Amino acid sequence: MTIAVIVGTTRQGRVTPRLAKWVMQAAQNRSDAQFKLLDLKDYDIPLLNEAPWEANRQLTQGTRQWLGELQEADGIIIVTAEYNHTIPAVLKNAFDHTHGELIRKPVAIVSHGVNSGVRANEHLRQMLNSNMGSFAISATVTYFGKVTDSLDEQGNSSIDNQLNDDKLQNVLNDIIWYTKALTSAKQQDIS
Ligand SMILES: Cc1cc2nc3c(=O)[nH]c(=O)nc-3n(C[C@H](O)[C@H](O)[C@H](O)COP(=O)(O)O)c2cc1C
């Protein structure tokens, strides 16, 4: 059972990887699932220029790899910042390329920003529950405080971070629970 942890920003000097590493550190203490970090910056995903359902669409190798990683994931955690009251365009674009890879998969959201990224968090929740077939679980982290004030480059907390740590444990408990439950249902081919 694999849960992908997605870094949702790509700009130079970004801080979202710190948050994703903080998630990965806590996740790696769990023996009940494998976690895999997927950084959007590592994939060449151009702006969508043809419909995802086109049979002969021309995908870059990077887009193909990205979609392949999503297909292999049983559950997902998206780590996002808030840009202009919503999610970063690179994150939206990466998901606009999908075509069936997310069907019946649970997704947890971890957001940050000046106001904990709450608007991006809610927009992302709405997007995940659209035509993509995934569903956003209720447990979430709206990160309290500024990431650069509390996490170093490796995702280690530099201050007492109990409030955020507790929210993250809640997210991990629930994303693992839903991923297990749905993976088991798929294996039993419940119709
Ligand atoms: C283009 C841009 C727009 C932003 N707009 C918002 C915003 O609307 N609300 C907010 O809380 N933070 C906003 N921020 C602050 C970001 O959430 C914060 O800088 C965060 O660290 C960005 O993630 P990144 O460093 O991984 O790019 C914005 C940042 C950028 C670069």
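Parameters at a glance
- Residues numbered from 1 in each chain as written.
- Predicted model: local features only at pLDDT ≥ 70, side-chain atom pairs only at ≥ 80, totals over all residues.
- Helix = DSSP H or I, 4+ residues; strand = E, 2+ residues; numbered from the N terminus.
- Rg over C-alpha atoms; globule rule 2.2 N^0.38 Å.
- Buried ≥ 20, exposed ≤ 12 C-beta atoms within 10 Å, placed from the backbone.
- Contact = placed C-beta atoms within 7 Å.
- Pairing = 2+ DSSP bridges.
- Axes fitted to C-alpha atoms, helices over the stretch in contact; angles between N-to-C directions.
- Right-handed = clockwise from strand over helix to strand, strands pointing away.

S.K.: Would you mind going over the overall build of the chain in detail, with residue names and values included?
M.R.: When you go through the chain residue by residue, the secondary structure sums to 6 helices and 5 strands. Its helices and strands taken in sequence order, the chain reads β-α-β-α-β-α-β-α-β-α-α from the N to the C terminus. Compactness check: the chain gives a C-alpha radius of gyration of 16 Å against a globular reference of 16 Å for 191 residues, within 12% of the reference. If you line up the chain on its principal axes, its C-alpha atoms span 50 × 40 × 25 Å. Evaluated residue by residue, the chain yields a buried proportion of 36% over its 191 residues. Of all intrachain contacts in the chain linking residues separated by at least 6 positions in sequence, the fraction that spans at least 24 positions is 78%.

S.K.: Break down the sheet that holds strand 1 (residues 2-7) for me, citing the residues and quoting the values.
M.R.: Strands sit in the order 2-1-3-4-5 across an open sheet of 5 strands; the sheet is parallel. In this open sheet, the two strands that pair with only one neighbour each are strand 2 (34-39) and strand 5 (135-142). When strand polarity is set aside, the average angle formed by the axes of neighbouring strands in this sheet is 20°. Examined bridge by bridge, strand 1 and strand 2 share 6 bridges and lie parallel to one another. Note on strand 2: the bridge partner recorded for I6 is L38.

S.K.: With reference to specific residues and values, describe the environment of I76.
M.R.: By the secondary structure assignment, I76 is in strand 3 (residues 75-81). Once the C-alpha coordinates of I76 and A4 are considered, the two residues, 72 residues apart in sequence, prove to be 4.7 Å apart. Those residues in contact with I76 that lie beyond four places of it in its chain are I3, A4, I6, K105 and V107.

S.K.: Before we move on, could you go through the pairing of strand 5 and cite the residues and values that matter?
M.R.: Here strand 4 (residues 106-112) runs beside strand 5; their pairing, made up of 5 bridges, is parallel. By the bridge assignment for strand 5, P106 is matched with F135. Regarding the hand of the β-α-β motif, the stretch spanning strand 4, helix 4 (residues 118-128) and strand 5 is right-handed.

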